[in-house]
Amino acid sequence: MTNAFALAIGVGTKNSKGDWLEVFYPQPLLNPSAALIDAAKSALGYEEGNVALDVDGGELEAFAAALDSADPLQAALARACTESEKPVVVTILAADEQASSTPEVYLKLHLLSHRLVKPHGLNLGGIFGLLPNVAWTNKGAVDLDELPAAQLEARLNGDLLSVNSVDKFPRMTDYVVPKGVRIAHTARVRLGAYIGEGTTIMHEGFVNFNAGTMGVSMVEGRISAGVVVGDGSDLGGGCSTMGTLSGGGNIIISVGEKCLLGANAGIGIPLGDRCTVEAGLYVTAGTKIQVLDDQKNVVEVVKGRDLAGKSDLLFRRDSITGAVQCVTNKSAIQLNEELHANN
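Cut-off values and rules
- Starting afresh in each chain, residues are numbered from 1 along the sequence in its written order.
- Selection of residues for local features in this predicted model requires a pLDDT of at least 70, selection of side-chain atom pairs for listing and counting requires 80 or more, and totals for whole chains, interfaces and linings are taken over all residues.
- Calculation of side-chain values draws on the structure's entire complement of heavy atoms; hydrogens and water are dropped beforehand.
- Only DSSP runs of H or I reaching four residues or more are called helices, and only runs of E reaching two or more are called strands; each is numbered from the N terminus.
- Relative accessibility under 20% of the residue-type maximum defines a buried residue, over 50% an exposed one, and the middle range a partly exposed one, all with a 1.4 Å probe and only protein chains included.
- Note on definitions: a residue-residue contact is assigned when non-hydrogen atoms from the two residues lie within 4.5 Å.
- Accessible areas in this description were obtained via Shrake-Rupley with a 1.4 Å probe; residue shielding takes into account the shown protein chains only.
- Positive charges come from Lys and Arg alone, negative charges from Asp and Glu alone, with His and the N- and C-terminal ends not counted.
- For the purpose of locating charges, the reference atoms are NZ of Lys, CZ of Arg, CG of Asp and CD of Glu.
- Pairing of aromatic side chains requires ring centres within 6.5 Å, counting the rings of Phe and Tyr and the six-membered ring of Trp. Pairs whose planes differ by under 30 degrees are stacked, by over 60 edge-to-face, and all others tilted.
- The pairing criterion is simple: DSSP has to find at least two bridges between the two strands.
- A fitted line through C-alpha atoms represents every axis, and for helices the fit uses only the stretch in contact; the resulting angles, taken between N-to-C directions, go from 0 to 180 degrees.
- What the arc describes is the spread of directions from the helix axis to the C-beta atoms.
- Disulfides are defined as pairs of cysteine sulfur atoms found within 2.5 Å of each other.
- Polar contact criterion, stated in full: a pair of N or O atoms within 3.5 Å, where within protein one must be able to donate a hydrogen and the other to accept it, and residues adjacent in sequence count only if both atoms are side-chain atoms.

Enquirer: Before we move on, can you summarise the overall build of the chain with the specific residues and values?
Expert: A tally of regular secondary structure across the chain gives 5 helices and 27 strands. The dimensions of the chain, computed from C-alpha atoms along their principal axes, are 75 × 55 × 40 Å. With 343 residues in all, the chain has 49% of them scored as buried. Long-range contacts, defined here as pairs at least 24 residues apart, represent 50% of the contacts in the chain between residues at least 6 apart. For the chain, the exposed surface amounts to about 15,400 Å²; the carbon and sulfur share of it is 48%. The averaged location of the 39 negative side-chain charges in the chain is 9 Å from the averaged location of its 27 positive side-chain charges.

In structure tokens, the structure reads:
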């Protein structure tokens, strides 16, 4: 009996050279049973390690038969794929190691968006080199070199091939729609985002991969790659969180529970719980901040990094002097319950 980190049966798209462009995994499994891995060994010739096995109808039927007693749901999925006109792959991750193929990367992104693994819970090293830049169209993924011919063919058939985006990452909702969320503009949430139940993402909200919300949140701003937002926090319109891909260095930016980032505010430091950053104020690790006591006297001047991760703080700017100040935040943010009735 053999254990593994993850397994999934997927249907995807290849270009004319046989290279994978994308993979859809409807039922990815985290820590699949040993019996399921043994079935893959007997039916598909799986030996060990992280692999993406291209399979045909006969192999899928044999896999389904081996799975009937071990995992009826995966057996049914395997049988449903036997007549697929699209390429089918069985991807097995023996361990959470750096990916070596496009199907492996897509499985990891699915694990995040299915809420099976939280952000920063996976080894995502090297994924950009394994994700091809793809034209995402109303007919699915198209290789960029093959796009002109595909557009011409569509026109000759009286159809239109509409290119929605050109990117390495597709939108999450074409692959996963998590339970209990509202997403006003689906193109602004990438596959690999973790969207907690109860979250509302408004039209200008954006969530990158390996980032997201842990629970009930209102997102009208930007959640950059690697940023995690705690339960009950509100990101106001146009606000920004600095991710490691956009100059955040090695600091992992996060927002604690019951925090508020005002409209057009921003952070380059992690926030603890019950913190507020007033509208229009951007606090970075190097920002000089006056720390005030209960009488609003300046106690000391520190840098933003010195307050990183601390709770119950209000960051504001003095409207006369322009100085950035920090005072104790006496009130927690109360989100609109009616607005968050997602179900």
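Enquirer: Before we move on, could you go through the packing of aromatic side chains and cite the residues and values that matter?
Expert: The final tally for this structure, using the stated rule, is 5 aromatic pairs. Look at Tyr106 and Tyr175: their rings are 6.1 Å apart centre to centre, the planes differ by 45 degrees, and that puts the pair in the tilted class. Residue Tyr106 is found in helix α4 (residues 102–113), and its partner Tyr175 is found in the loop between β8 (163–167) and β9 (182–183); the two are separated by 69 residues along the sequence. Judged by its relative accessible area of 0%, Tyr106 falls in the buried class. Note on Phe169 and Phe209: the rings are 4.6 Å apart at their centroids and 20 degrees apart in plane angle, and the pair reads as stacked. A residue pair is termed long-range when its members are at least 10 positions apart, and Phe169 in the loop between β8 and β9 and Phe209 in the loop between β12 (206–207) and β13 (212–213) qualify at 40 residues.

Enquirer: Could you give an account of the sheet that holds strand β7 (residues 140–143), with specific residues and numbers?
Expert: Pairing is antiparallel across the open sheet formed by 3 strands, whose spatial order is β7-β6-β8. The two strands at the open ends of the sheet, each matched to only one other strand, are β7 and β8. Averaged over all adjacent pairs, the angle separating strand axes in this sheet is 30 degrees, with direction ignored. Where strand β6 (residues 134–137) and β7 come together, 4 bridges link them in antiparallel fashion. Residue pairing for β7: Thr137 is matched across the bridge by Gly140.

Enquirer: I'd like to hear about the environment of Ala323, residue by residue, with values.
Expert: Mapped onto the fold, Ala323 is located in the loop between β26 (313–317) and β27 (324–328). In contact with Ala323, not counting residues within four places along its chain, are Gln290, Arg316, Arg317 and Asp318.

Enquirer: Help me get a handle on the environment of Asp306, residues and values and all.
Expert: Within the fold, Asp306 resides in the loop between β25 (298–303) and β26. Separated by 41 residues in the primary sequence, Asp306 and Ala265 have C-alpha atoms spaced 19 Å apart.

Enquirer: Which residues make up the environment of His120, and what values go with them?
Expert: Assignment of secondary structure puts His120 in the loop between α4 and β6. For His120, a relative accessible area of 41% translates into the label partly exposed. Each C-alpha atom of the pair His120 and Asp71 lies 29 Å from the other, and the pair is 49 residues apart in sequence. Residues in contact with His120, not counting those within four places in the same chain, are Asn210, Gly226, Val228 and Ile252.

Enquirer: Break down the sheet that holds β26 for me, citing the residues and quoting the values.
Expert: Read from one edge to the other, the open sheet built from 10 strands follows the order β9-β11-β14-β17-β20-β22-β26-β27-β24-β25, with strand pairing classed as mixed. Every interior strand has two partners, whereas the edge strands, β9 and β25, have only one. Two strands pair when backbone bridges link them, and strand β11 (residues 200–201) and strand β14 (residues 218–219) are joined in this way by 2 bridges, in the parallel orientation. Considered in β14, the bridge of Thr200 is made with Met218.

Enquirer: Please provide a residue-by-residue account of helix α3 (residues 72–80), values included.
Expert: Buried residues of α3: Gln74, Ala75, Leu77 and Ala78, and no others. Down the axis, α3 shows its buried residues gathered within 160 degrees of arc, on one side only. For α3, the exposed residues set more than 90 degrees away from the buried face come down to Pro72, Leu73 and Ala80. The elements touched by buried residues of α3 are β1 (6–14), β3 (29–30), α1 (34–44) and α2 (57–67).

Enquirer: Any details on the state of the cysteines? Residues and values, ideally.
Expert: With the rule as written, the count across this model stands at 0 disulfides. Cys326 takes part in no disulfide bond, and the closest cysteine sulfur to it belongs to Cys275, at a distance of 7.7 Å.

Enquirer: Tell me what's going on with the pairing of strand β24 (residues 288–292), and back it up with residues and numbers.
Expert: As judged from the 5 bridges shared by β24 and β25, these two strands associate in the antiparallel manner. Paired with Gln290 across the strands is Val301, a residue of β25. Count of turn residues in the β24/β25 antiparallel hairpin: 5 residues, of which Lys296 carries a positive phi of about 65 degrees. Pairing of β24 with β27 involves 3 bridges; the strand directions are parallel. Opposite Val291, over in β27, you have Cys326 as the bridge partner.

Enquirer: Kindly report on the side chain of Ser113, identifying the contributing residues and their values.
Expert: Turning to its location among the elements, Ser113 is positioned in helix α4. Here the side chain of Ser113 touches Gly192 through a polar contact of 2.9 Å, landing on its backbone nitrogen. Ignoring any residue separated from it by four or fewer positions in sequence, one finds Ser113 in contact with Met172, Val176, Pro178, Arg190, Leu191, Gly192 and Ala193.

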